[in-house]
Amino acid sequence: MSCPAENWKFRPHPLLANSHLQTVLGIHWPRRVAPYTATPHKVALDDGDTLILHEDVPAGASETTPSVLLIHGLAGSHLSSYMTRMAEKLTAHGYRSFRLDMRGCGAGEGLAKLPTHCGRSTDVAAALHTIGDLYCESPVSAVGFSLGGTLTLNMLAEAGEMRVGNLEKTLVVCPPINLFSCEQHFRTFLGSRYDKFFVKLIWNQVMLRWQKFPEVAPPAIPRRPQKLRDIDHLVIAPSGGYSSAEHYYSETQPGPKLAAIRQPVTIVFSKDDPIVPFGPLFDFPHSDSVETIVTSHGGHLGFLGLSGVDKDFRWLDWRILEWLEHPHRRQKPQDVPDQAFTLK
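None of these values were measured; they are calculated from a predicted model.

What counts, and where the lines are drawn
- Position labels on residues start from 1 in each chain and follow its written sequence.
- Reporting in this predicted model follows two pLDDT cut-offs: at least 70 for local features of residues, and 80 or more for side-chain atom pairs to be given and counted; totals over whole chains, interfaces and linings ignore these cut-offs and use all residues.
- Remark: hydrogens and water are excluded; side-chain values derive from all non-hydrogen atoms of the structure.
- Criterion for a salt bridge: a side-chain nitrogen of Lys or Arg within 4 Å of a carboxyl oxygen of Asp or Glu.
- In this text, helices come from DSSP runs of H or I with a minimum length of four residues, and strands from runs of E with a minimum of two, each type numbered from the N-terminal end.
- Categorising residues by exposure relies on relative accessible area from a 1.4 Å probe, with only protein chains included: less than 20% of the type maximum marks a residue as buried, more than 50% marks it as exposed, and the intermediate range marks it as partly exposed.
- Paired strands, as defined in this entry, are two strands with at least two bridges between them according to DSSP.
- We call a crossover right-handed when, viewed with both strands directed away from the observer, the connection leading from the first strand over the helix to the second proceeds clockwise.
- Working definition: rings of Phe, Tyr and Trp (its six-membered ring) pair if their centres are within 6.5 Å, and the pair is stacked with planes under 30 degrees apart, edge-to-face with planes over 60 apart, and tilted otherwise.

Draft legend 1. Fine view of the pattern of salt bridges. Enumeration according to the criterion identifies 15 salt bridges in this entry. Among the salt bridges present, the one from Asp 47 reaches Arg 103, with a minimum N-O distance of 2.9 Å. Of this pair, Asp 47 sits in the loop between strand 1 (39–44) and strand 2 (50–56) while Arg 103 sits in the loop between strand 4 (96–101) and helix 3 (121–134), placing them 56 residues apart in sequence. By relative accessible area, which is 3% here, Arg 103 ends up buried. Residue Glu 183 is joined to Arg 187 by a salt bridge in which the shortest nitrogen-to-oxygen separation is 2.9 Å.

Written as structure tokens, this is what we have:
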């Protein structure tokens, strides 16, 4: 399966070019979901919390069958549409897939006292080590979506040249790079709509966690905050030892750490992402191990493309499969014209 650079030139479906349609329909477009046949694995963390890995195995798999770790975004789970789609496509193409439920998400509900946040990069590392323990001869690739991509970038920066489990390469899609920029974007008219959406989902997770583990709940349960930043300040920052939301953003945003990455990673962004601002990607220097792919359209995890180009219009799914077989060669910015990095 070839993977020429021009295949990353995304062209949206003509009726779905709007970034908000791409984002919303990318999640809610109806599809037939295959019955759950995965094998769950517990991932024990050093602080006593537990994650869940969902393993889907292709026909004829062996100990050396390549594995792919899928890491979901904020308020997602192994049941998120992009997670189930990719698991189905991966197993159909001969890959063993592992869908990770982060703390308190999906099948991990009730198994973690602490919430997931951008600084919990060791959670991704723990999942990779678990896969390596299960299949010591299986090469592993990781694909992180949105927040899952942020955690993975932080993990790579912290690992330096040290291999994490059997990880060989990584791709992240629409990851928040500058958390201050994201928070400012959520103050805008359109950004506030997504902010409210996430507040409802995350606050439900917080309440469930406090009901399950009352010892970590505050003496007086506050009313649901109005902004995600308020949850970050009241709940997320204290849980990670940060003094404020601003302290949390400063310490856990991956942008300033991109220059420290020494292992191959491809970052896919959309210029019209209505949730994660595109501009901050180029506010930070990054190492030669970091490849950037930027499309003009696609929304946030949408990328609903033209009919007839791939077997279905889920353009991103097919590019991930191609990337797995033929990762791009990293080119230095001075070696090629700027437009080569901003693909239309």
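Draft legend 2. Representation of the pairing of strand 4. By the criterion of burial, strand 4 is predominantly enclosed, with 6 of the 6 residues buried. Taking every second residue as pointing to the same face, both faces of strand 4 are buried, with Arg 96, Phe 98 and Leu 100 on one and Ser 97, Arg 99 and Asp 101 on the other. Looking at chain direction, strand 2 and strand 4 are connected through 5 bridges and run antiparallel. In the strand pairing of strand 4, His 54 is matched with Arg 99. Summarising the sheet, strand 3 (residues 67–71) and strand 4 pair through 5 bridges and their orientation is parallel. Its bridge partner being in strand 4, Leu 69 is matched across the sheet by Phe 98. Handedness of the crossover is the feature at issue here: the chain leaves strand 3, passes through helix 2 (residues 81–92), returns alongside strand 4, and the resulting connection is right-handed.

Draft legend 3. Looking closely at the pairing of strand 3. Within strand 3, 5 of the 5 residues are buried, leaving the element largely enclosed by the surrounding structure. The alternating pattern of strand 3 places Ser 67, Leu 69 and Ile 71 on one face and Val 68 and Leu 70 on the opposite face, and all of these are buried.

Draft legend 4. The packing of aromatic side chains, seen in detail. Within the structure shown, the criterion is met by 13 aromatic pairs. Centroid distance Phe 10 to Phe 303: 5.5 Å. Interplanar angle 75°. Geometry classified as edge-to-face. Separated by 293 residues along the polypeptide, Phe 10 in the segment before helix 1 (19–28) and Phe 303 in the loop between strand 8 (290–295) and helix 9 (315–325) bring together distant segments of the chain. Side by side, Phe 10 and Phe 303 carry an identical accessibility label, which is buried. With a centroid separation of 6.4 Å and 55° between ring planes, the pair formed by Phe 98 and Tyr 135 is classed as tilted.

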